[in-house]
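# Observations on the three-dimensional arrangement
Here are the chains, one letter per residue:
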Amino acid sequence: MLFEQFLFFVFAAGALGGALGVVLIRNPFYSVLALVVHLFSLAILFLLLTAAFLAAAQIVVYTGAVMVLYLFVVAYVGGTDDELRPKPHGLANALGPFFAAAVALQLTIAVIGSSLAALDSQGAEVGDGFGSPGQIGEALLTKFLLPFEAASFLLLVAAVGAVVLARKRRGLHEPADAVSVSEVLRGGQPR
Amino acid sequence: MTVEPVLVQIAKAIVIFLLILNIVPQILLLERKLLGRFQARYGPNRVGLRGLGQPLADVLKLLSKERFTPDTAVPWMMAIAPVISIVTAVATLAIIPFGPQGAWGGDLGLYGIDVPIGVLYFFAFGSLSFYALMLGGWASGSKYSFLGAMRSAAQLISYEIAIGLSLLGVVLMAGSLSFVDIVEAQGSGGKGIWFFIPQIVGFLVFMVAGFAETARAPFDLPEADAEIVAGYNTEYGGMRFGSFFMAEYIEVIVISGVAVACFFGGWHGPGPEWLAPIWVLAKMFVFVILFIWVRATLPRLRYDQLMSFGWKVLIPIATLNVLITAIVLVV
């Protein structure tokens, strides 16, 4: 139990620190790394909530695949020298802190109002095999069938859309006077 | 899944780690000896009896070398990248099943842990191991390292899909994600058949994608020494390089272990039950030889060949395999 509490506080700090780092760090590469730390810490928190499948899915999908692509793109496109800074804008600069404070206040009220009472309790009872792949699969294919299918359809549309967009902006065209090396090697005359 | 006392778990973790840690240098020697034979030369034969002292000499050399950091590097990130690589590689060792529960008496299960999400655990740490290559290459501040890191990112992401789909057929047949359950399903209590026969397509896809995931020849483009010096580990020296190197061999052992557990009946074999770990190690040894043999035989792929092979050949085949397996199992 003590070990679980220790893990909870370490990774809760990791999740919060990672989330803050995403917003506060100017260098895009480190910002993405902070997001990796955040998502990994969240996965460990899922694990502590006996949701092993969700934790593994979180790491495989988000930390292991989505963030890899982010890192790939940022490492290629964003250098270390050009820091991300908001463009100065009079009205937004003046009102921004005010709205940010208002949102923070509202969220704090919501969190304190709903979660403070739960701090001292033991949490909900979980049955045997809770969060196992079998139970999650059954829930997805019976109780949540429609949202599940709708989400997978949405992902399919997004994937097809990405392919269409990528094909449309094909950058490199083969020059007209290109010579095929393999053809020359086979003894054919260069065109 | 049974939960064992903490002390037993710690003892098992130490035993498995020490076992594999000591196997790695032997595999290294075996690889150099075999590569020598494949290329009609002797291989290392100067240190100790017939070159048996060579692994020790290698490790001592690596340990005593200078730790060099380029001016353009990010030192702290360069330091943690080898740590990530070794941690993720060792963590996957925990789920390789070496024997059933009670094979050596008592309730002792001859595996690190038996998690109900076994296969996903393997993928989770496999995908995390990418960060070692990426961060190491990026933090080195060298163009060759950067190119290697980019290659590894594209390669690992592409082949991760294929390796996942290839194991899905086995998971469908066994009805469980746990490696222990998968091995049990291949014994006389389950289907009684090693899964490489019904899942031969899945097995072939798994092995090819496994070579790519470990970045071994012919898929060693992240460190293609003829094109980009040594890729992501160009700027590394001493034991930091040694960590990358060791992680690669541990990953080879892990892929061999997963192949044995998922396709070749794990601990099943003739003889009394307490022989189980010997059978697993013997089968893994065959796969390690295969890894070395392929390295000596096949030339490195071209980069566009690597990509089109992964996306246009492996993934469609693996998807079809899963579909057909599901249809056969249900009908």
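Figured I'd write up the structure that's included with this text.

What counts and how
Residues numbered from 1 in each chain as written. Chains lettered and ligands numbered in written order. Predicted model: local features only at pLDDT ≥ 70, side-chain atom pairs only at ≥ 80, totals over all residues. Heavy atoms only, no water. Helix = DSSP H or I, 4+ residues; strand = E, 2+ residues; numbered from the N terminus. Contact = heavy atoms within 4.5 Å. Areas by Shrake-Rupley, 256 points an atom, 1.4 Å probe, with all protein chains shown as cover. Phe/Tyr/Trp six-rings, centres within 6.5 Å; stacked < 30°, edge-to-face > 60°. Buried < 20%, exposed > 50% of the residue type's maximum accessible area, 1.4 Å probe, protein only. Salt bridge = Lys/Arg side-chain N within 4 Å of Asp/Glu carboxyl O. Polar contact = N/O pair within 3.5 Å; in protein donor to acceptor, adjacent residues only side chain to side chain. Nonpolar A, V, L, I, M, F, W, Y, C, P; charged D, E, K, R; others polar. Expected span 1.5 Å × (residues − 1). Core = buried A, V, L, I, M, F, W, Y, C linked by side-chain atoms within 4.5 Å. Axes fitted to C-alpha atoms, helices over the stretch in contact; angles between N-to-C directions. Parallel < 35°, antiparallel > 145°, perpendicular 65-115°, else oblique. Left-handed = near helix turned anticlockwise from the far one by under 90°. 1 Å grid on protein atoms, 1.4 Å probe; cavity = no way out; pocket = protein on both sides within 12 Å on 5 of 7 lines; lining within 4 Å. Points joined across faces, edges and corners; volume = space filled by probe spheres on them.

### Quick look at the overall build of chain A
- What chain A contains, in helices and strands, is seven helices and zero strands.
- Helices and strands in chain A line up, N terminus first, as α-α-α-α-α-α-α.
- Long-range pairs, those at least 24 residues apart, make up 56% of the contacts in chain A with a sequence separation of at least 6.
- Carbon together with sulfur atoms contributes 71% to the accessible area of chain A, which is approximately 14600 Å² in total.

### Focus on the packing of aromatic side chains
- In total, this model carries 22 aromatic pairs over all chains according to the counting rule given.
- Taking 6.2 Å as the distance between ring centres and 25° as the angle between the ring planes, the aromatic pair formed by Tyr30 of chain A and Trp76 of chain B counts as stacked. Here Trp76 of chain B lies in helix α3 (residues 75-93) and Tyr30 of chain A lies in helix α2 (residues 28-48), a pairing that spans two chains.
- On the accessibility criterion, Trp76 of chain B (48% relative accessible area) is partly exposed.

### Quick word on the interface of chain B and chain A
- Taken residue by residue, the interface counts 22 residues in chain B and 22 residues in chain A.
- Where chain B meets chain A, there are zero salt bridges.
- Taken together, the links from chain B to chain A amount to one residue pair in polar contact (both at pLDDT 80 or more).
- Among the secondary structure elements, those contributing two or more residues to the side of chain B that touches chain A are α3, α4 (118-139) and α5 (143-174) of chain B.
- At 10 residues, the largest contribution of residues to the side of chain B that touches chain A is made by α4 of chain B.
- Each residue belonging to the side of chain B that touches chain A can be placed in one class, and the counts come to 20 nonpolar, one polar and one charged.

### Points about helix α1 (residues 2-24) of chain A
Residues and elements named next belong to chain A.
- Across its 23 residues, α1 extends 32 Å between first and last C-alpha, which sits within 8% of the 33 Å expected from 1.5 Å per residue.
- Looking only at α1, the buried set comprises Phe11, Ala12, Gly14, Ala15, Gly18 and Gly21.
- Buried residues along α1 sit against α2.

### Examining the nonpolar core
- Core analysis: the largest hydrophobic core is formed by 114 residues, its most contacted members being Phe29 of chain A together with Phe122, Met134, Leu167, Phe179, Phe206 and Val258 of chain B.
- For Met134 of chain B, the contacting residues outside a window of four places in its chain are Phe29, Leu71 and Ala75 of chain A together with Ala149, Met150 and Ala153 of chain B.

### Topic: the packing of α3 of chain B against α4 of chain B
All names here are of chain B.
- At a minimum axis distance of 8 Å, the contact between α3 and α4 shows a crossing angle of 160°. For the element pair α3 / α4, the angle class is roughly antiparallel. Relative to α4, α3 is oriented so that their crossing is left-handed. Across the interface between the two elements, Met77, Met78, Ala81, Ile84, Ser85, Thr88, Ala91 and Thr92 of α3 pack against Tyr121, Phe122, Phe125, Leu128, Ser129, Ala132, Leu135, Gly136, Trp138 and Ala139 of α4.

### A short note on the environment of Phe211 of chain B
Residues and elements named next belong to chain B.
- As for its position among the elements, Phe211 is in helix α7 (residues 200-213).
- In the structure, Phe211 is positioned 40 residues away from Glu251 in sequence and 9.9 Å away in space, judged by C-alpha atoms.
- Here Phe211 is in contact with Arg216, Ala217, Pro218, Phe219, Leu290, Phe291 and Val294, once residues within four sequence places are set aside.

### Some thoughts on empty space enclosed by the protein
Residues and elements named next belong to chain B.
- Inspection of every chain in the model, using the stated rule, returns four cavities of 30 Å³ or more.
- Looking at the largest cavity, its volume works out to about 190 Å³.
- Taken together, 16 residues form the lining of the largest cavity, with Phe122, Gly126, Glu213, Glu251 and Ile255 sitting closest to its centre.
- Counting only elements with at least two residues in the lining of the largest cavity, the list comes to α3, α4, α5 and α9 (238-263).

### Points about the pattern of salt bridges
Residues and elements named next belong to chain B.
- Applying the stated criterion across every chain, the model contains six salt bridges over all chains.
- Its salt-bridge partner being Arg300, residue Asp220 comes within 2.8 Å of it at the nearest N-O pair. Of this pair, Asp220 sits in the loop between α7 and α8 (225-228) while Arg300 sits in the loop between α10 (276-297) and α11 (303-330), placing them 80 residues apart in sequence.
- For Asp220, a relative accessible area of 15% gives the class buried.
- Among the salt bridges present, the one from Asp304 reaches Arg302, with a minimum N-O distance of 2.9 Å.
- On the basis of relative accessibility, which here comes to 43%, the residue Asp304 falls in the partly exposed class.
- Here the residues in one salt-bridge network are Glu31, Arg216, Glu248 and Arg295, joined through shared partners.

### Comments concerning helix α1 (residues 6-38) of chain B
Residues and elements named next belong to chain B.
- The terminal C-alpha atoms of α1, which comprises 33 residues, lie 47 Å apart, in line with the 48 Å expected from a rise of 1.5 Å per residue.
- By the burial criterion, the buried members of α1 are Lys12, Ile16, Ile20, Val24, Pro25, Ile27, Leu28, Leu29, Glu31, Leu35 and Gly36.
- Those residues of α1 that are buried are in contact with α2 (54-63), α3, α9 and α10.
- Following α1 by one or two positions, Ala40 adopts a phi angle in the positive range, close to 60°.

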